[in-house]
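Read off the chains here:
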Amino acid sequence: MTILVGYRPGARDRGDLALAAMLARSSGERLVVCCVVPDRWEMPSVARVDGEYEQHLGGMAHDALRDAEMFLRQDTKAEYIVRTGRSVPTTLAKEAAARGARMLVLGSSSHGSWGHVALGSVTDRFLHSAELPLAMAPLGFRTEAGSVIHRVTVGLDGSRLSEAVLVAVARMTRHMDVALRVVTFAVRGRTMYPSQAGYRAEDMVMQAWREQADVMQAKAMKWLATHDGVSTPTDVAIVDGRDWGDALEHVGWVDGDVLVLGSSHHGPLSRVFLGSTGTKILQSSPVPVILLPAGRGKAAADDASAF
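What you see is a predicted model; the values in this text were computed from it and never measured.

In this structure, what is going on with helix H3 (residues 88-99)? I would like to understand it.
Because the α-helix completes a turn every 3.6 residues, residues three or four places apart line up on one side. Here H3 spans 17 Å end to end across 12 residues, near enough to the 16 Å set by a 1.5 Å rise per residue. The set of residues buried in H3 consists of Pro89, Thr91, Leu92, Glu95 and Ala96. Down the axis, H3 shows its buried residues gathered within 165° of arc, on one side only. Facing away from the buried surface of H3 by more than 90 degrees, the exposed residues are Lys94, Ala97 and Ala98.

Mind showing me how you'd approach the layout of surface pockets here?
The method is simple in principle: a probe with the dimensions of a water molecule rolls over the atoms, and the space it marks as empty is what remains. Approximately 360 Å³ is the volume found for the second largest pocket. If you trace the second largest pocket, you find 21 residues lining it, with Gly6, Tyr7, Arg8, Val88 and Val122 closest to the centre. Elements supplying a minimum of two residues to the lining of the second largest pocket: strand S2 (30-37), H3 and helix H4 (121-127). The element contributing the most residues to the lining of the second largest pocket is S2, with 4 residues. Of the residues in the lining of the second largest pocket, the class split is 12 nonpolar, 8 polar and 1 charged.

Looking at this structure, how should I read unusual backbone geometry?
Excluding glycine, most residues fall at negative phi; most peptide bonds, likewise, are trans. Notably, Asp177 is not glycine yet its phi reads approximately 60°, a positive angle. Note on Asp177: relative accessible area 71%, which makes it exposed.

Help me out: how do you make sense of the environment of Gly140 in this one?
You can see Gly140 is positioned in the loop between strand S5 (134-136) and strand S6 (151-155). Judged by its relative accessible area of 19%, Gly140 is buried. In the structure, Gly140 is positioned 32 residues away from Ser108 in sequence and 8.6 Å away in space, judged by C-alpha atoms. If we ignore the near neighbours within four places in the chain, the residues touching Gly140 are Asp13 and Trp114.

Honestly, the nonpolar core in this entry has me stumped. Any pointers?
Burial of nonpolar side chains together is a common tendency in soluble globular proteins. Within the largest apolar cluster, 49 residues are counted, with the highest numbers of intra-cluster contacts made by Leu19, Leu23, Val33, Val105, Val152 and Val169. Other than its neighbours up to four places away in sequence, Leu23 contacts Ile3, Met103, Val105, Ala135, Ile149 and Ile290. Core analysis: the next-biggest nonpolar cluster, separate from the first, contains 32 residues, Leu4, Val36, Ala130 and Val251 among them.

Please clarify how the side chain of Thr184 should be interpreted in this entry.
Structurally, Thr184 can be placed in strand S7 (residues 179-187). Within the structure, Thr184 has its side chain in polar contact with the backbone oxygen of Leu156 (distance 2.9 Å). Discounting chain neighbours no more than four positions away, the residues touching Thr184 are Leu156, Trp209, Met216, Gln217, Ala237, Ile238 and Val239.

Teacher, can you tell me more about the sheet that holds strand S3 (residues 78-84) here?
Paired through backbone hydrogen bonds, the strands of a sheet run either parallel or antiparallel to each other. The strand order across the open sheet built from 10 strands is S3-S2-S1-S4-S5-S10-S9-S6-S7-S8, with neighbouring strands paired in mixed fashion. Each edge of the open sheet carries a strand with a single partner, namely S3 and strand S8 (235-241). Between one strand axis and the next, the sheet turns by 25° as a mean value, whatever way the strands run. Note: S5 against strand S10 (residues 289-292), 3 bridges, orientation antiparallel. Each bridged residue has a counterpart across the sheet, and for Leu134 the counterpart in S10 is Leu291. Relative to strand S1 (residues 2-6), helix H1 (residues 15-27) is tilted by about 175°, and along the sheet it contacts S1, S2, strand S4 (101-106), S5, strand S9 (257-262) and S10.

I keep staring at the environment of Val154 and nothing clicks. Help me out?
Locating Val154 in the fold gives a position in strand S6. The class for Val154 is buried, based on a relative accessible area of 1%. Separated by 105 residues in sequence, Val154 and Leu259 place their C-alpha atoms 5.8 Å apart. Excluding anything up to four places from it in sequence, Val154 contacts Val165, Leu166, Val169, Leu180, Arg181, Val182, Val183 and Val260.

It is not clear to me how the pattern of salt bridges should be interpreted in this structure. Could you clarify?
As a working rule, side chains carrying opposite charge can pair if their charged atoms are close by. Applying the stated criterion across every chain yields a total of 10 salt bridges. Here Glu79 makes a salt bridge to Arg99, at a shortest N to O gap of 3.1 Å. Taken together, the positions of Glu79 in strand S3 and Arg99 in helix H3 put the pair 20 residues apart, joining distant regions of the chain. Residue class for Glu79 comes out partly exposed when judged on its relative accessible area of 22%. Accessibility expressed as a relative area gives 23% for Arg99, which makes it partly exposed. When the shortest N-O distance is used, the salt bridge between Glu95 and Arg83 registers 2.9 Å. Highlighted residues: Glu95 in helix H3 and Arg83 in strand S3, separated in sequence by 12 residues. Looking at Glu95, the relative accessible area reads 9%, which means it is buried. Each of Arg30, Glu79, Arg83, Glu95 and Arg99 takes part in salt bridges that share partners, so that together they form one network.

Conventions adopted
- Residues numbered from 1 in each chain as written.
- Predicted model: local features only at pLDDT ≥ 70, side-chain atom pairs only at ≥ 80, totals over all residues.
- Heavy atoms only, no water.
- Helix = DSSP H or I, 4+ residues; strand = E, 2+ residues; numbered from the N terminus.
- Expected span 1.5 Å × (residues − 1).
- Buried < 20%, exposed > 50% of the residue type's maximum accessible area, 1.4 Å probe, protein only.
- Arc of directions from axis to C-beta.
- 1 Å grid on protein atoms, 1.4 Å probe; cavity = no way out; pocket = protein on both sides within 12 Å on 5 of 7 lines; lining within 4 Å.
- Points joined across faces, edges and corners; volume = space filled by probe spheres on them.
- Nonpolar A, V, L, I, M, F, W, Y, C, P; charged D, E, K, R; others polar.
- Contact = heavy atoms within 4.5 Å.
- Core = buried A, V, L, I, M, F, W, Y, C linked by side-chain atoms within 4.5 Å.
- Polar contact = N/O pair within 3.5 Å; in protein donor to acceptor, adjacent residues only side chain to side chain.
- Pairing = 2+ DSSP bridges.
- Axes fitted to C-alpha atoms, helices over the stretch in contact; angles between N-to-C directions.
- Salt bridge = Lys/Arg side-chain N within 4 Å of Asp/Glu carboxyl O.

This is the structure:
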């Protein structure tokens with residue numbers, strides 16, 4: 001099986017390469033670096049100009065792959081390919097399907113905040129259409145040579161989908177022999193209650209929510225224990241903050257951490273589709289995020305190799 005990473009010509013950030021290499025080393029999967037260039041010039045022109053432009057794009061693609069190979073060096077073996085197509089997402093999706101890719105790795109938009117996941121046109125398209133897990137690197141993500149995943153954090157919200165994702169991730173972490181952490185997130189908001197009610201009312205509400213979350217997590221842990229071939233979480237936490245960035249920062253991250261989220265139940269069956277909450281968590285995460293499609297999560301709950 002294969003981990004496919006889409007690497008674009010002229011990319012200034014190499015977080016996608018660093019993440020893809022870490023995932024490949026951790027899983028033992030084959031790594032393929034794919035650069036997509038347009039198969040035609042969008043503006044009408046004579047054949048000679050089209051040919052020159054095609055050569056120019058091809059040169060940029062091969063330069064990008066040489067850059068990727070120099071970045072990865074001998075640390076991670078990979079296959080480097082150039083593909084042409086009118087749409088980068090469509091071309092990458094076809095390549096992933098043709099190779100039976102286990103996962104697609106994408107980088108953050110260069111216009112995002114440093115150290116966080118930022119969506120661009122390609123990543124946003126995949127969030128609404130991908131049928132395989134997506135891994136996204138924060139802008140500027142780097143790893144030490146030979147680094148691997150040490151811990152996987154999975155978000156649990158009590159829905160059946162998140163429970164299926166929990167089982168899938170527990171099977172994956174057992175298979176990869178890495179630690180599993182379960183976290184339930186909440187955001188207080190700027191004004192949960194009128195100022196005259198005071199902070200005591202807000203604290204009471206948050207305490208009640210935490211008690212409900214404790215019960216939900218306990219039930220999920222018992223349900224997880226009924227499955228074979230799953231790892232036992234090393235930590236089960238409830239984290240809240242004034243906003244999603246605050247909540248994510250309070251989780252406590254170390255090198256080798258990744259966060260796994262399940263797709264929204266409102267999305268197309270077997271495809272990644274984040275709801276508004278999931279998107280906020282994704283964009284606030286300071287560590288790489290793996291997005292698991294709903295259908296893939298259910299399949300992986302029964303078969304670790306389906307992840």
